[in-house]
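Fold and contact review
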Amino acid sequence: MGDVTDLKNKGNAALQKNNIKEAISLYSQAIGIDSKNHVLYSNRSAAYAKQKKYVEALEDAEKVIQLKPEWPKGYSRKGSALEFLNRFEEAKLAYEEGLKYDSDNEQLKQGIKQCNQHLTGPAGSQPINPFSNLDELKRKLKLHPKTSKYFEDQSYEQMLQELNEQPTLLASKLNDPRLQNTLSVLIGVDLDMSGANGDEPMESEEAPPAPKSETPPPSKEKPSHEQESLEEKGLGNAAYKKKDFESALAHYDKASKLDPTNMAFLTNKAAVYFEQNELEKCREVCHKAIEVGREHRAGYALIAKAFARIGNSYMREKNYASAKQFFDKSLAEQRTKDVLAKAQQCEKAMAEAERLAYINPELSLEEKKKGNDFYNAGKYPEALKCYNEAIKRNPDNATLYSNRAACYMKLLEFRLALKDCDECVQKDPNFIKGHIRKGGALEAMKEFSRAVDAYQKALEVDPNNSEATDGCRRCLHNDYQNRNNPEEVQKRAMSDPEVGRIMRDPAMKMILDQIQRDPKALQEHLKNPEVARNIQKLLDVGILSVR
């Protein structure tokens with residue numbers, strides 16, 4: 001453990017001196033020794049971010065959350081990495097998740113504000129920038145006959161560069177005919193034509209209407225074979241809605257033979273296989289659709305839909321790793337809230353499966369015994385590490401939370417001890433030691449009235465418990481002394497942010513003034529649950545007293 005701490009400190013020093021490569025190397029060496037140390041991954045994530053390796057920074061941040069999900073810093077690291085990757089919706093979700101564990105964390109709140117500045121799309125979504133991948137964009141535009149000639153003019157490339165860096169300039173440049181044709185090619189819609197070969201959402205899950213793939217005809221009338229293929233597609237869609245899947249397949253097959261360049265017929269055919277639960281065939285047809293789409297420069301939305309349908313098929317089989325892989329591919333083509341939500345759902349399912357697979361009561365008992373040995377020897381950090389591992393191996397064992405709470409008490413981490421005690425008594429309300437340790441933690445925090453409640457809960461389980469009886473007596477005495485000691489009352493009130501909030505509330509100030517003038521008004525105000533809670537808090541800290 002000493003080597004790990006030394007390497008971490010050296011890494012921190014290197015990072016402060018901007019020796020990023022050295023810092024990453026030192027953190028990596030430390031991780032090689034202690035792969036369960038969440039702080040090391042957090043520090044290396046920060047180093048990767050400084051090196052502009054944001055994908056690696058994100059991977060380390062996700063590892064931090066996996067190792068210590070209740071640590072807000074992990075979500076801050078994840079949100080920051082996602083912001084650098086321009087994945088603002090996901091970054092905002094990461095910050096919001098972190099606030100569940102620390103609702104007052106200013107860094108997480110600031111991260112959400114920064115993300116909101118970029119989420120200006122419908123319903124607070126991330127607007128799609130068709131000019132985001134400049135290299136791929138130029139390759140596609142140079143190959144297309146409508147836009148290849150524009151590259152002879154240097155101002156065209158300059159315009160693309162400006163839109164890549166500042167997509168908000170798009171509206172101001174829409175009068176440029178070159179930009180109109182460029183958008184036609186990029187999003188797969190001929191802006192001069194009212195008809196195109198689009199796909200329709202076929203599966204039962206909701207999906208936004210997809211941009212239609214581009215098949216620019218030389219005139220406004222479609223070739224006869226193309227028109228026939230669209231008619232067959234319409235018949236297929238009608239049969240699909242009636243659940244006549246065999247007829248739908250026949251029509252889609254005929255449409256594909258008439259126009260083999262339109263991938264929409266294949267994605268609709270895959271939707272039929274999805275409904276029939278023939279998932280392997282669904283995936284096979286989707287892969288073929290993607291090949292056809294790539295070959296004939298179909299719109300990003302159609303390619304995204306095919307990838308998403310493959311992801312849906314794996315998700316139905318509960319193969320979340322493969323589903324996540326294809327949802328990510330879909331998001332790389334076009335970002336939609338539906339697919340993003342499914343990708344996140346897969347992440348949670350994978351994390352839960354990994355957590356459940358890790359559970360092993362026998363190994364948990366071994367770690368508990370090691371922790372007890374360390375605790376009895378006064379080696380509390382080592383004991384804490386063992387109890388952490390024991391809880392991961394058997395998270396439903398109430399005794400483990402009580403043991404870890406005792407360890408936190410020795411390390412003077414009273415709030416963490418209180419959190420573990422709450423978890424302990426929630427899992428086993430009759431576990432008397434959990435109530436007693438909760439009383440001890442609250443007593444150490446000088447919250448004597450709450451400590452009395454905890455000790456009384458213990459006495460409800462065992463009325464003859466001397467430890468709980470002594471605790472009650474001690475807390476009542478201390479509470480009485482504190483209430484009659486103005487300095488203690490003031491000190492406790494100043495250190496409690498909730499008391500500060502109550503005292504700054506103009507409505508509460510008026511209520512308190514009224515109670516001081518007319519004590520009988522207290523009963524009326526106590527009918528309001530919010531006011532009653534605030535008054536109880538002031539009574540607990542001794543600012544108010546009822547005679």
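Computed from a prediction, not measured in an experiment: that's the story for all the values here.

What follows covers the UniProt feature "domain: STI1" (unreviewed entry) in the protein. UniProt tags residues 144–183 and 496–535 as "domain: STI1" (unreviewed entry). Spanning residues 496–535, this segment combines 80% helix with 0% strand, and its end C-alpha atoms are found 14 Å apart.

Moving on to the packing of aromatic side chains. Each aromatic ring pair is described using two quantities: the centre-to-centre distance and the angle formed by the ring planes. Tallied over the entire structure, the rule returns 8 aromatic pairs. Considering the side-chain rings of Tyr375 and Tyr380, the 5.4 Å spacing of their centres and the 65° angle between planes classify their relative orientation as edge-to-face. By the ring-pair criterion, three or more aromatic residues cluster together here, those being Tyr150, Phe151 and Tyr156. Sitting above the plane of the Phe274 ring, Arg316 keeps its charged end 4.1 Å from the centroid. Note that Arg393 overlies the ring of Tyr358, its terminal NZ or CZ placed 3.6 Å from the centroid.

So, on to the packing of helix H6 (residues 88–99) against helix H7 (residues 106–118). Where H6 meets H7, the axes come as close as 9 Å, and the angle between the chain directions of the two elements is 155°. With respect to each other, H6 and H7 are oriented roughly antiparallel. Classified by chirality, the crossing of H7 by H6 is left-handed. Mapping the contact onto sequence places Phe88, Ala91, Lys92, Tyr95, Glu96, Gly98 and Leu99 in H6 and Leu108, Lys109, Gly111, Ile112, Cys115, Asn116 and His118 in H7.

Here we take up the packing of helix H2 (residues 20–33) against helix H3 (residues 38–50). Between H2 and H3, the least distance of the axes is 9 Å, while the angle of their chain directions is 155°. As the angle between them shows, H2 and H3 are arranged roughly antiparallel. Taken as a pair, H2 and H3 cross one another with a handedness that is left-handed. Contacts between H2 and H3 involve Ile20, Ile24, Tyr27, Ser28, Ala30 and Ile31 from the former and Leu40, Tyr41, Asn43, Arg44, Ala47, Tyr48 and Lys50 from the latter. Its residues placed into classes, the contact of H2 with H3 shows 9 nonpolar, 2 polar and 2 charged.

As a further point, take unusual backbone geometry. In this structure, Asn18 is a non-glycine residue whose phi angle is positive, near 70°. Tracing the chain through its elements places Asn18 in the loop between helix H1 (2–16) and H2. The backbone of Asn277 sits at a positive phi, close to 65°, despite the residue not being glycine. Tracing the sequence through the fold places Asn277 in the loop between helix H13 (264–275) and helix H14 (279–295).

Parameters at a glance
Throughout, a residue's number is its position along its own chain's written sequence, starting from 1. Confidence filtering applies because this is a predicted model: local features only for residues at pLDDT of at least 70, side-chain atom pairs given and counted only at 80 or more, and all residues used for totals across whole chains, interfaces and linings. Hydrogen atoms and water are omitted, and side-chain values are computed over all heavy atoms in the structure. UniProt positions are given in the numbering used here, feature names are shortened, and annotations may be inferred rather than shown by experiment. Secondary structure is summarised from DSSP: a helix means a run of H or I of at least four residues, a strand means a run of E of at least two, and numbering begins at the N terminus for each. Centre distance within 6.5 Å is the pairing criterion for rings of Phe, Tyr and Trp, where only the six-membered ring of Trp is used; planes under 30 degrees apart are then read as stacked, over 60 as edge-to-face, and the remainder as tilted. Cation placement over rings: the criterion is NZ of Lys or CZ of Arg within 6 Å of the ring centroid and within 35° of the ring normal. For every element, the axis is a line fit to its C-alpha atoms; helices are fit only across the contacting stretch, and the angle between N-to-C directions ranges from 0 to 180 degrees. Throughout this description, any angle smaller than 35 degrees is read as roughly parallel, any larger than 145 degrees as roughly antiparallel, any in the 65 to 115 degree range as roughly perpendicular, and the remainder as oblique. What makes a crossing left-handed is the near helix being turned counterclockwise from the far one by less than a right angle; a clockwise turn instead makes it right-handed. Throughout, a residue-residue contact means that at least one pair of heavy atoms, one from each residue, lies within 4.5 Å. When residue character is reported, Ala, Val, Leu, Ile, Met, Phe, Trp, Tyr, Cys and Pro are called nonpolar, Asp, Glu, Lys and Arg charged, and the others, Gly included, polar.

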